[in-house]
Amino acid sequence: MALAAIGLWGASVADAESPLAESDRIPAPTARPAAHDWPLHGRDASEQRFSPLDAINRETVERLGLAWTFELGSKRGIEATPIMVDGVLYVTSTWSVVFALDARDGSLLWRFDPAVDRAKGRDACCDVVNRGVAVSQGRVFVGALDGRLIALDAKSGEKVWETWTVDRTLPYTITGAPRVVKGKVVIGNGGAEFGVRGYVSAYDAETGKRVWRFYTVPASHAGPHEHPELADAAKTWSPDSLWETGLGGTAWDSMAYDRALDLLYVGVGNASVYERERRSPGGGDNLFVASILALRPDTGELVWHYQTTPGDSWDYTATQHMILADLELGGRTRQVLLQAPKNGFFYVLDRATGELLSAENYVPVSWATHVDLETGRPKERAAALWSEGRAVVTPAVQGGHSWHPMSFHPETGLVYLPVQNLAYIFEPDPAFEFQTGSGSFNTAEDLATIMAEVEGHEHMNLAFCEPTELVAWDPRRQRAAWRLPSQAGVPGGTLATGGGLVFQGDGGGFFRAFDAVTGEKRFEADVGTGIMAPPVTYALDGTQYIAVLSGLGGSQGGHNTTLRNQNRGRVLVWALGGKAPVPRALPRPTPTIEAPKLEVSSKQLDRGRARYAKHCLRCHGVGARSSGLYPDLRHASGAVWESWDDIVLQGTRTGGGMASFSDVLDTAASHDIRAYVASRAHASPSLAQQATRWFAENGCVPASWIVD
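Model, not experiment: these values are computed from the prediction.

Student: I would appreciate a short explanation of the environment of Arg377 in the present structure.
Tutor: Its location among the elements puts Arg377 in the loop between β24 (368-371) and β25 (378-380). For the pair Arg377 and Thr309, spaced 68 residues apart in sequence, the C-alpha separation works out to 7.8 Å. A polar atom in the side chain of Arg377 sits 2.9 Å from the side chain of Asp285.

Next comes the structure, spelled out in structure tokens:
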């Protein structure tokens with residue numbers, strides 16, 4: 001829940017530098033696949049998301065037209081990277097459903113539904129999304145939301161094997177794409193927000209048998225520890241840590257592999273319970289949360305680690321996209337790893353040793369002044385520590401950069417980075433008690449006080465105070481070459497191509513191409529449905545295609561933007577001269593008010609608000625105001641109001657993803673929430689000038705708030 005944001009900063013398009021000299025161009029660190037394919041998550045193992053295809057270029061891109069579209073049948077978040085191998089495009093939709101499509105015309109070849117129990121949606125912090133499959137040796141591998149790793153026959157879609165990668169009694173999920181490295185399928189998991197212990201595992205690609213597992217946090221202070229690295233990690237945790245939370249550290253997204261060094265890089269997420277003094281009394285770095293791990297892919301042995309945010313208190317995961325490249329630094333070529341994690345700093349590490357080479361902020365940062373290059377540690381600002389009281393901190397929990405993949409262009413030497421300029425209000429909850437599955441934030445996200453402050457501003461779209469940007473970042477000079485601001489509340493992942501272009505969609509429903517050197521817009525298409533997922537490109541029979549999936553949701557898409565139309569999940573594929581019709585945008589229905597008018601005491605209203613904030617807010621929005629992705633409960637039908645307890649306590653709508661909450665709510669609590677939502681349905685919006693005043697005072701944080 002981002003409640004405030006920072007104004008735009010830095011260079012504009014007009015400040016872009018001239019094209020880089022040949023001596024400045026950066027060679028690729030690993031061998032690349034055939035130019036016409038997109039066979040891996042980042043196209044190659046280095047995760048650069050660059051394609052040398054150049055038929056679609058600065059001069060021809062204006063002739064792009066839709067070649068074909070495919071309806072996924074979804075209406076929630078779509079985050080997958082398409083994989084194209086041997087003329088087949090493999091994509092995933094919500095609930096981990098896999099589609100195999102003819103990459104030339106979008107004809108459906110097969111569809112596989114892992115039949116995830118819809119009640120599992122309650123354990124997904126950030127929607128029932130999936131970021132794609134891995135394809136290798138005639139098999140398609142997908143991680144299902146419920147924690148299964150599944151192998152499918154690439155031609156038929158028939159299941160070959162499946163294995164459970166998680167303890168099914170705990171709120172684990174899988175949303176990330178697996179990677180296949182040296183005959184092993186590598187997968188992590190999510191769930192740190194609800195109390196689980198993080199790890200990354202490798203399974204034999206032929207049989208599904210587990211080969212190794214690396215736990216990212218210890219299970220106890222004294223042990224026994226599953227592997228030697230945990231003994232050292234345990235020393236960075238207090239003996240009085242909240243071990244019952246599992247401690248978090250889930251590896252839910254990013255990986256990259258260096259064939260020459262034989263190192264697998266894995267990003268690690270936040271800890272369970274954000275507040276460090278509550279989580280680990282007395283402090284400590286809390287390894288290996290918010291860290292990058294370099295592992296041996298054969299054994300899972302740790303070679304080195306780098307922690308981006310020691311003792312993280314702000315949900316600053318290091319699970320964001322990593323890129324491997326070779327850079328000229330200090331007069332010699334360095335093998336580097338590039339990452340822009342949530343905490344707002346862009347890191348350049350020696351990928352052989354983990355040595356920090358540079359780190360500069362790519363968005364406004366208030367939690368730290370800088371990163372010390374000698375120690376590799378950030379210099380924290382005392383004002384950002386919130387154990388004793390409220391603090392406004394940038395970046396927000398959504399991060400300066402989240403899961404949306406960035407891309408790297410070896411000819412410009414630039415990284416194309418989708419960023420968010422957001423602030424967040426952190427505040428300790430003195431009444432917090434950990435309960436598995438009910439959220440382990442213990443911050444303002446669990447408090448009704450913040451929600452009460454924003455009630456009554458239904459006509460105010462918070463997205464307008466959450467500017468996103470496309471930033472062309474120079475990792476050697478550690479500065480922006482250019483920045484393109486956007487009013488869309490949700491950014492999309494990026495693609496760089498040999499045609500001198502960068503492609504990106506946004507939450508407003510637009511898909512664009514920009515000049516990779518100057519940032520000049522070269523192409524724009526209004527597709528009617530927001531785009532978060534990253535584009536890819538491939539070629540068949542001499543035709544180059546650009547493909548991307550549409551559909552909002554996830555951690556950014558749920559409430560950071562207002563949907564213009566119905567949220568139809570689609571595959572959209574362009575080619576030069578494409579003649580397919582643009583899919584018709586279906587307007588959202590006009591909302592009605594059927595909520596009963598109830599007599600609600602102030603005490604019941606406060607109880608209902610607090611319980612709503614704890615259990616309902618993350619899906620149904622602040623003040624029961626949803627942007628359209630999830631049901632706006634203020635506009636629920638009469639049937640919903642009449643069967644409220646059946647839905648909340650009996651789970652009668654589990655099939656749609658609304659699970660029962662009878663384990664944490666009783667009938668009285670359900671009635672409190674119902675009374676609160678009904679009061680919100682009949683609340684009168686405040687005057688425009690009052691909203692404007694609140695917006696100015698609390699919505700867009702002035703720069704003076706974040707400087708010493």
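Student: Hey, could you run me through the packing of aromatic side chains in this one?
Tutor: What characterises a pair of aromatic rings is the spacing of the ring centres plus the angle enclosed by the ring planes. Throughout the structure, instances matching the rule amount to 23 aromatic pairs. For the pair Phe345 and Tyr347, a centre-to-centre distance of 6.4 Å together with 65 degrees between the ring planes defines the contact as edge-to-face. Neither Phe345 nor Tyr347 differs from the other in exposure class; each is buried. Arranged with centres 4.6 Å apart and planes meeting at 10 degrees, the rings of Phe511 and Trp574 form a pair that is stacked. Of this pair, Phe511 sits in strand β34 (residues 510-515) while Trp574 sits in strand β38 (residues 570-576), and the two are 63 residues apart along the sequence. We classify Phe511 as buried; its relative accessible area is 0%. Taking the relative accessible area as the measure of exposure, Trp574 reaches 2% and is therefore buried. Ring pairing ties together the aromatic residues Tyr306, Trp314, Tyr316, Phe345, Tyr347 and Trp367, which thus form one cluster. The lysine or arginine in question, Arg168, covers the ring of Trp164, its NZ or CZ lying 3.9 Å from the ring centre. Sitting over the ring of Tyr199, Arg213 keeps its end group 3.9 Å from the ring centre.

Student: I keep staring at helix α5 (residues 602-615) and nothing clicks. Help me out?
Tutor: Residues spaced three or four apart along an α-helix point in a common direction, a consequence of the helix completing one turn every 3.6 residues. Taking 1.5 Å per residue, 14 residues should reach 20 Å; α5 reaches 20 Å between its end C-alpha atoms and fits that length. Turning to α5, its buried residues are Gln604, Gly608, Arg609, Tyr612, Ala613 and His615.

Student: Can you help me understand the pairing of strand β16 (residues 255-258) in this one?
Tutor: Remember that side chains alternate between the two faces of the sheet whenever the strand is regular. Residues Met255 and Tyr257 of β16 are buried on one face, and the alternating residues Ala256 and Asp258, pointing to the opposite face, are buried as well. In this structure, β16 lies alongside strand β17 (residues 263-267), joined through 4 bridges in antiparallel fashion. In the strand pairing of β17, Asp258 is matched with Leu263. From the end of β16 to the start of β17, which pair antiparallel, there are 4 residues, and Asp262 there has a positive phi angle of about 55 degrees.

Student: What am I meant to see in the confidence of the model for the protein here?
Tutor: Caution is warranted with low-pLDDT regions, since their predicted coordinates should not be read in detail. Mean pLDDT over the protein works out to 87, with 86% of the residues at or above the 70 mark. Across residues 1-30, where pLDDT falls below 50, the model places 105 contacts with residues more than four positions away in sequence or in other chains. Predicted confidence for residues 457-466 stays below pLDDT 50, and this span has 37 contacts to residues more than four positions away or in other chains.

Student: Please clarify how the nonpolar core should be interpreted in this entry.
Tutor: Nonpolar side chains in soluble globular proteins tend to end up buried together. If you look at the biggest cluster of nonpolar residues, it comprises 61 residues, and the most contacted ones within it are Leu89, Tyr90, Val140, Phe503, Tyr538, Val571 and Trp574. Non-local contacts of Val571, meaning those with residues more than four positions away in its chain, are made with Trp68, Thr69, Phe70, Leu72, Leu89, Val91, Leu101, Val548 and Leu549. If you look at the next biggest cluster of nonpolar residues, it comprises 32 residues, including Met322, Tyr347, Leu356 and Ala359.

Student: What exactly am I supposed to notice about the side chain of His227 here?
Tutor: Within the secondary structure layout, His227 lies in the loop between β15 (210-215) and α1 (229-234). A polar contact is formed between the side chain of His227 and the side chain of Glu229, at a distance of 2.9 Å. Discounting residues that sit within four places of it in the chain, His227 has contacts with Arg213, Phe214 and Tyr215.

Student: Where do I start with the sheet that holds strand β6 (residues 98-102) in this structure?
Tutor: Strand order across the open sheet formed by 4 strands is β4-β5-β6-β7, with antiparallel pairing between neighbours. In this open sheet, the two edge strands, each paired with only one partner strand, are β4 (83-85) and β7 (108-112). This sheet shows a mean twist of 20 degrees between the axes of neighbouring strands, independent of strand direction. Pairing of β6 with β7 involves 4 bridges; the strand directions are antiparallel. In the strand pairing of β7, Leu101 is matched with Leu108.

Student: Would you explain the environment of Glu374 in this entry?
Tutor: Considering the arrangement of structural elements, one finds Glu374 in the loop between β24 and β25. On the accessibility criterion, Glu374 (76% relative accessible area) is exposed. For the pair Glu374 and Glu355, spaced 19 residues apart in sequence, the C-alpha separation works out to 9.8 Å.

Student: Teacher, can you tell me more about the pattern of salt bridges here?
Tutor: Pairing between side chains of opposite charge can happen when the charged atoms of each approach one another. Applying the stated criterion across every chain yields a total of 37 salt bridges. Residue Asp262 pairs with Lys182 through a salt bridge whose shortest N-O separation is 3.3 Å. Of this pair, Asp262 sits in the loop between β16 and β17 while Lys182 sits in the loop between β12 (179-181) and β13 (184-187), placing them 80 residues apart in sequence. Residue class for Asp262 comes out buried when judged on its relative accessible area of 17%. Given a relative accessible area of 41%, Lys182 falls into the partly exposed group. Salt-bridge contacts for Asp632 lead to Arg634; the nearest nitrogen and oxygen are separated by 2.7 Å. Comparing Asp632 with Arg634, the two get one shared label, buried. Put simply, Arg58, Asp515, Glu520 and Arg522 are held in one network by salt bridges that share partners.

Student: Is there a simple way to explain the sheet that holds strand β36 (residues 536-540) in this structure?
Tutor: Each strand in a sheet pairs with its neighbour through backbone hydrogen bonds, running either in the same direction (parallel) or in the opposite one (antiparallel). Strands sit in the order β3-β38-β37-β36 across an open sheet of 4 strands; the sheet is antiparallel. Lying at the two open borders of the sheet, with one neighbouring strand each, are β3 (64-71) and β36. Here the average twist between neighbouring strands, direction ignored, is 30 degrees. In the sheet, strand β37 (residues 543-550) pairs with β38 via 6 bridges, with the strands oriented antiparallel.

Student: Would you explain the state of the cysteines in this entry?
Tutor: Cysteine pairs can be linked by a disulfide, which is a covalent bond between their two sulfur atoms. Inspection of every chain in the model, using the stated rule, returns 1 disulfide. The residue that forms a disulfide with Cys125 is Cys126, at a sulfur-sulfur distance of 2.2 Å. Disulfide Cys125-Cys126: torsion about the S-S bond near -90 degrees, hence left-handed. Relative accessible area serves as the criterion here: at 29%, Cys125 is assigned to the partly exposed category. Take Cys126: its relative accessible area is 26%, and that puts it in the partly exposed class.

Student: Looking at this model, I keep getting lost on the side chain of Ser96. Mind explaining?
Tutor: Note that Ser96 resides in the loop between β5 (88-92) and β6. At 2.8 Å, the side chain of Ser96 and the backbone nitrogen of Leu145 are in polar contact. With residues near it in sequence (within four places) discarded, Ser96 still touches Phe112, Pro114, Val116, Asn130, Val142, Gly143, Ala144 and Leu145.

Student: Sorry if this is basic, but what is going on with the packing of α5 against helix α9 (residues 667-681) here?
Tutor: When two helices pack together, their arrangement is given by the angle between the helix axes and by the axis-to-axis distance. At a closest axis distance of 7 Å, the pairing of α5 and α9 adopts a crossing angle of 100 degrees. Comparing their axes, α9 and α5 come out roughly perpendicular. Here α5 contributes Gln604, Leu605, Arg607, Gly608, Arg609, Arg611 and Tyr612 to the contact with α9, which in turn contributes Ala668, Ala669, His671, Asp672, Ile673, Ala675, Tyr676, Val677 and Ser679. The residue inventory of the contact of α5 with α9, partitioned by class, reads 8 nonpolar, 4 polar and 4 charged.

Reading the values: the criteria
- All chains use their own residue numbering, which begins from 1 and follows the written sequence.
- Where local features are concerned, this predicted model is filtered to residues with pLDDT of at least 70; where side-chain atom pairs are given and counted, the filter is 80 or more; whole-chain, interface and lining totals use all residues.
- Excluding hydrogens and water, the side-chain values take into account all heavy atoms of the structure.
- Secondary structure elements are defined from DSSP: runs of H or I of at least 4 residues count as helices, runs of E of at least 2 residues count as strands, and each element is numbered from the N terminus.
- Two N or O atoms form a polar contact when they lie within 3.5 Å of each other; inside protein one atom must be a possible hydrogen donor and the other a possible acceptor, and for residues adjacent in sequence the pair counts only when both atoms belong to side chains.
- Paired rings are identified among Phe, Tyr and Trp, the last through its six-membered ring, by centres lying within 6.5 Å, and are further divided according to the angle between planes into stacked (under 30 degrees), edge-to-face (over 60) and tilted (the rest).
- Working definition: with a 1.4 Å probe on protein chains only, accessible area under 20% of the residue-type maximum means buried, over 50% means exposed, and in between means partly exposed.
- Cation placement over rings: the criterion is NZ of Lys or CZ of Arg within 6 Å of the ring centroid and within 35° of the ring normal.
- Helix span is expected to be 1.5 Å times the residue number reduced by one.
- Any two strands between which DSSP finds at least two bridges are classified as paired.
- A residue's pLDDT is the confidence the predictor assigns to it, expressed on a 0 to 100 scale.
- In what follows, a contact means two residues having at least one pair of non-hydrogen atoms within 4.5 Å.
- Nine residue types can take part in a nonpolar core, namely buried Ala, Val, Leu, Ile, Met, Phe, Trp, Tyr and Cys, and a core is a set of them joined through side-chain atoms within 4.5 Å.
- Every axis corresponds to a line fitted to the C-alpha atoms, with the helix fit spanning only the stretch in contact, and the corresponding angles, defined between N-to-C directions, vary from 0 to 180 degrees.
- For this analysis, a salt bridge means a side-chain nitrogen from Lys or Arg found within 4 Å of a carboxyl oxygen belonging to Asp or Glu.
- Criterion for a disulfide: a pair of cysteine sulfur atoms within 2.5 Å.
- Between 65 and 115 degrees an angle is taken as roughly perpendicular, under 35 as roughly parallel, over 145 as roughly antiparallel, and anywhere else as oblique.
- Note on residue categories: nonpolar means Ala, Val, Leu, Ile, Met, Phe, Trp, Tyr, Cys or Pro, charged means Asp, Glu, Lys or Arg, and polar means any other residue, Gly included.

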